[in-house]
Amino acid sequence: MMAINLQKGERANIELPKFTIGLGWDINESHTGGECDLDASVFLLGENRKILSDPYFVFYNNLESPDGAVKHSGDNRTGAGDGDDETIHVDLSVINAAVKEICIVVTIHEAAQRKQNFGQIRNSFIRIYDAAKNVELVKYELGEDFSIETAVEFGRIYKRDNQWRFEAVGLGQKGGLEDYLAKYA
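Residues numbered from 1 in each chain as written. Predicted model: local features only at pLDDT ≥ 70, side-chain atom pairs only at ≥ 80, totals over all residues. Heavy atoms only, no water.

Scanning the protein chain from terminus to terminus reveals two helices and 12 strands. Listing the helices and strands of the protein chain from first to last along the sequence gives β-β-β-β-β-β-β-β-α-β-β-β-β-α. On C-alpha atoms alone, the protein chain measures out to a radius of gyration of 15 Å, which is about the 16 Å that the 2.2 N^0.38 rule sets for 185 residues. A principal-axis box enclosing the C-alpha atoms of the protein chain has dimensions of 45 × 40 × 25 Å. (Helix = DSSP H or I, 4+ residues; strand = E, 2+ residues; numbered from the N terminus. Rg over C-alpha atoms; globule rule 2.2 N^0.38 Å.)

This is the structure we're talking about:
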């Protein structure tokens, strides 16, 4: 089975209850601003598109949602090497019934202080795969140049008509993680 390569705005059904979200990126060689630490964060949203409660914001300081449905692999501070830089394991069979959307955001840690933005990042992608079978289901490569953004919503997984779907979002924000916290809190 071939993975579905999505373009921005495209959607695909997710047929598996358990899967892994892989996120990857590389730092441009010309970038000389020191270490560039990107962080994946997951917002578990209810019907109103707001976080159910603080523990449903999963990131490097809170690696698991209270229902055990979303588990973050932990922080990768460099993005060095091929493949996934950070992974998030999802089990929809145990997810809180109030969760209607899972929003996946990547931010640059201390971007303002370090004068960094997504224009210094290349080869960014989000993919969904079956870890048990090592089969990639969906992949979205962010081709845009986010030259001023410090945070990008890579994708979202949402429930509609009892079916979970993935949407390739690729939407940047200048205000970093704080903008997303304000939007979804």
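More follows now that the structure is in view.
This part takes up the nonpolar core. Within the largest apolar cluster, 52 residues are counted, with the highest numbers of intra-cluster contacts made by Ile-21, Leu-23, Phe-43, Ile-102, Ile-157 and Phe-166. Setting aside chain neighbours within four positions, we find Leu-23 in contact with Ala-40, Asp-84, Asp-85, Glu-86, Ile-88, Ile-104, Val-106, Phe-125, Ile-126 and Phe-154. (Core = buried A, V, L, I, M, F, W, Y, C linked by side-chain atoms within 4.5 Å. Buried < 20%, exposed > 50% of the residue type's maximum accessible area, 1.4 Å probe, protein only. Contact = heavy atoms within 4.5 Å.)

The next point concerns the packing of aromatic side chains. In this structure the tally under the stated criterion is six aromatic pairs. Both rings, one in Phe-59 and one in Tyr-60, keep their centres 5.3 Å apart while their planes meet at 70°; by these two values the pair is edge-to-face. Three or more aromatic residues link up through ring pairs in this structure, and these residues are Phe-43, Phe-57, Phe-59, Tyr-60, Tyr-180 and Tyr-184. Against the face of Tyr-129 rests Arg-127, its NZ or CZ located 3.9 Å from the ring centre. Against the face of Tyr-158 rests Arg-156, its NZ or CZ located 4.2 Å from the ring centre. (Phe/Tyr/Trp six-rings, centres within 6.5 Å; stacked < 30°, edge-to-face > 60°. Lys NZ or Arg CZ within 6 Å of the ring centre and 35° of its normal.)

Within the structure shown, the criterion is met by nine salt bridges. For the salt bridge of Glu-167 with Arg-11, the shortest nitrogen-to-oxygen distance reads 3.3 Å. A residue pair is termed long-range when its members are at least 10 positions apart, and Glu-167 in strand E12 (residues 163–173) and Arg-11 in strand E2 (residues 11–13) qualify at 156 residues. When its relative accessible area of 39% is taken as the criterion, Arg-11 is described as partly exposed. The partner of Arg-127 in a salt bridge is Asp-84, with the nearest N and O atoms 2.8 Å apart. Placement of the pair is Arg-127 in strand E9 (residues 121–130) and Asp-84 in the loop between strand E6 (70–72) and strand E7 (86–91), with a sequence separation of 43 residues. Classification of Arg-127 as buried rests on a relative accessible area of 16%. (Salt bridge = Lys/Arg side-chain N within 4 Å of Asp/Glu carboxyl O.)

Side-chain polar atoms of Arg-127 contact the side chain of Asp-84, separated by 2.8 Å. Looking at Arg-127, its side chain comes within polar contact range of the side chain of Glu-136, at 3.0 Å. Residues within four places of Arg-127 in sequence aside, it is in contact with Thr-20, Ile-21, Gly-22, Asp-84, Glu-136, Val-138 and Lys-139. (Polar contact = N/O pair within 3.5 Å; in protein donor to acceptor, adjacent residues only side chain to side chain.)

This part covers the environment of Gly-176. Tracing the backbone shows Gly-176 in the loop between E12 and helix H2 (177–184). In this structure, the C-alpha to C-alpha distance between Gly-176 and Phe-19, residues 157 residues apart in sequence, is 27 Å. If we skip the residues at most four places from it in the chain, Gly-176 touches Thr-107, Thr-150 and Ala-151.

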